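Examination of the molecular architecture
Below, each chain spelled out in residue letters.
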Amino acid sequence: MDWPIAEVARMSGVTARTLRHYDEIGLLPPARTGANGHRYYGERQLLLLQQILVLRALGLGLEEIGRVLAEQVDEVEALRGHHRRLLAERDRLGTLAATVSRTIAELEESRKDDTPMTINRPENLFDGVQPDQYQDSLRDFPAHAERVARHVAGLSPQDIEAGQRERTAQMIRLAELRAAGHPADSEPVQSEIDAQYRALTALRPVSAEEHRAMGRACVDNPAWRAAYEAVAPGLAAFQRDAIEAYTAERLT
């Protein structure tokens, strides 16, 4: 049995345009092409598509996915490997969610008592968040990833921790503004985005289109989306919308 491209798109949630792109780059050719030019997919192609989507969810780029699929021999063993990666990612995200939840609780407690937050074990702030994971999530922005890598190479461990601390604090501040009812284009939110943009451009120039793409990546990049959603559901889309508003108003 085989299925037309429209049906595969409906079942998988992947657009027909994306499926055609996968065919064009040799990642997922259809089982056959009908006389009408329509693509049809069999069970083997559906299993392959599942693997592609799993690897995308783990943050791999299409080129790297192609290499992984080309090297695998046994489908069952390949799926076992993917399953192990998913379980590891689940555990990492669970740790990250607990880390952010603990930080939020400590911040709320310190504000309630009007006393500075005391961090007895600073390393606890970064459970589930490692510099190499942040670097890996920049794969869609190679020029920026290269500049970040050069910048991080010159930092001390204390400076790296301070950067991680600030990224977590940025997400928490945005989550608080969203919870307080501030829309994405409001002045307090835009002030946060302006600070983020200034930090980006301190490393290298960032065009309006690249800034928009980074905003979209907050939702489309699995690693970024997971980090934002671990702080608060809907925060990834809120960050994207805030960046879009900032770019439209100040960069174009």
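Residues numbered from 1 in each chain as written. Predicted model: local features only at pLDDT ≥ 70, side-chain atom pairs only at ≥ 80, totals over all residues. Heavy atoms only, no water.

Overview of the pattern of salt bridges
- If you walk through the whole model with that rule in mind, you get 11 salt bridges.
- As a salt-bridge pair, Glu7 and Arg10 come within 2.6 Å of each other at their nearest N and O atoms. With Glu7 and Arg10 both in helix H1 (residues 5-12), this residue pair falls three residues apart, about one helical turn.
- A residue is classified by how much of its surface remains accessible, and Arg10, at 58% relative accessible area, is exposed.
- For the salt bridge of Glu63 with Arg67, the shortest nitrogen-to-oxygen distance reads 3.5 Å. Here Glu63 and its partner Arg67 are both found in helix H4 (residues 62-71), four residues apart, which amounts to about one turn of the helix.
- By relative accessible area, which is 64% here, Glu63 ends up exposed. (Salt bridge = Lys/Arg side-chain N within 4 Å of Asp/Glu carboxyl O. Helix = DSSP H or I, 4+ residues; strand = E, 2+ residues; numbered from the N terminus. Buried < 20%, exposed > 50% of the residue type's maximum accessible area, 1.4 Å probe, protein only.)

Notes on the sheet that holds strand E3 (residues 39-41)
- Spatially, E1-E3-E2 is the arrangement adopted by the three strands of the open sheet, whose pairing is antiparallel. Looking along the sheet, the strands with just one partner apiece sit at the ends: strand E1 (3-4) and strand E2 (32-33).
- Where E2 lies against E3, two bridges are found, and the strand directions are antiparallel. Each bridged residue has a counterpart across the sheet, and for Arg32 the counterpart in E3 is Tyr40. (Pairing = 2+ DSSP bridges.)

Description of the packing of H1 against helix H2 (residues 16-24)
- Running from amino to carboxyl end, H1 crosses H2 at an angle of 110°, the nearest separation of the two axes being 9 Å. Here H2 runs roughly perpendicular to H1, going by the angle between their axes. Seen from above, H1 lies across H2 with right-handed handedness. Across the interface between the two elements, Ile5, Val8 and Ala9 of H1 pack against Ala16, Leu19 and Arg20 of H2.
- A breakdown of the residues in the contact of H1 with H2 according to their chemical character gives five nonpolar, no polar and one charged. (Axes fitted to C-alpha atoms, helices over the stretch in contact; angles between N-to-C directions. Parallel < 35°, antiparallel > 145°, perpendicular 65-115°, else oblique. Left-handed = near helix turned anticlockwise from the far one by under 90°. Contact = heavy atoms within 4.5 Å. Nonpolar A, V, L, I, M, F, W, Y, C, P; charged D, E, K, R; others polar.)

Overview of the environment of Ala208
- Tracing the chain through its elements places Ala208 in helix H10 (residues 208-220).
- Since its relative accessible area comes to 18%, Ala208 is described here as buried.
- As a C-alpha pair, Ala208 and Thr252 span 44 residues in sequence and 6.8 Å in three-dimensional space.
- Apart from residues lying up to four places away in sequence, Ala208 is in contact with Thr247, Leu251 and Thr252.

Side note on the nonpolar core
- The biggest cluster of nonpolar side chains holds 25 residues, and the ones touching the most others in it are Val189, Ile193 and Leu235.
- The element best represented in this core is helix H12 (residues 235-251), accounting for six residues.
- When near neighbours in sequence (up to four residues on either side) are disregarded, Leu235 contacts Met171, Leu174, Ala175, Tyr228 and Glu229.
- Core analysis: the second largest hydrophobic core is formed by 19 residues, Trp3, Leu28, Tyr41 and Val54 among them. (Core = buried A, V, L, I, M, F, W, Y, C linked by side-chain atoms within 4.5 Å.)

Quick look at the side chain of Gln190
- With respect to the helices, strands and loops of the structure, Gln190 is situated in helix H9 (residues 187-203).
- For Gln190, a relative accessible area of 6% corresponds to the buried category.
- Setting aside residues up to four positions removed in sequence, Gln190 forms contacts with Ala184, Asp185, Ala242, Ala245, Tyr246 and Arg250.

Quick word on the packing of aromatic side chains
- If you walk through the whole model with that rule in mind, you get two aromatic pairs.
- The interplanar angle of 15° and the centroid separation of 5.8 Å between the aromatic rings of Phe141 and Trp224 together place this pair among those described as stacked. Of this pair, Phe141 sits in the loop between helix H6 (131-136) and helix H7 (142-153) while Trp224 sits in helix H11 (residues 222-231), placing them 83 residues apart in sequence. The two residues Phe141 and Trp224 agree in class, both being buried.
- Judged by centre distance (5.6 Å) and plane angle (50°), the rings of Tyr197 and Tyr246 are tilted. In this pair, Tyr197 is assigned in helix H9 and Tyr246 in helix H12, connecting sequence segments 49 residues apart.
- The ring of Tyr40 carries the charged tip of Arg32 above its face, separated from the ring centre by 4.2 Å. (Phe/Tyr/Trp six-rings, centres within 6.5 Å; stacked < 30°, edge-to-face > 60°. Lys NZ or Arg CZ within 6 Å of the ring centre and 35° of its normal.)

Re H2
- Looking at H2, one finds that the buried residues are Leu19, Tyr22 and Asp23. The buried residues of H2 occupy an angular sector of 100° when the element is viewed end-on, so they sit on one face. Of the exposed residues in H2, those oriented more than 90 degrees away from the buried face are Arg17 and Glu24.
- Where H2 is buried, its residues contact H1, E3, helix H3 (43-57) and H4.
- Positive backbone phi, approximately 80°, marks Gly26, located one or two places after H2. (Arc of directions from axis to C-beta.)

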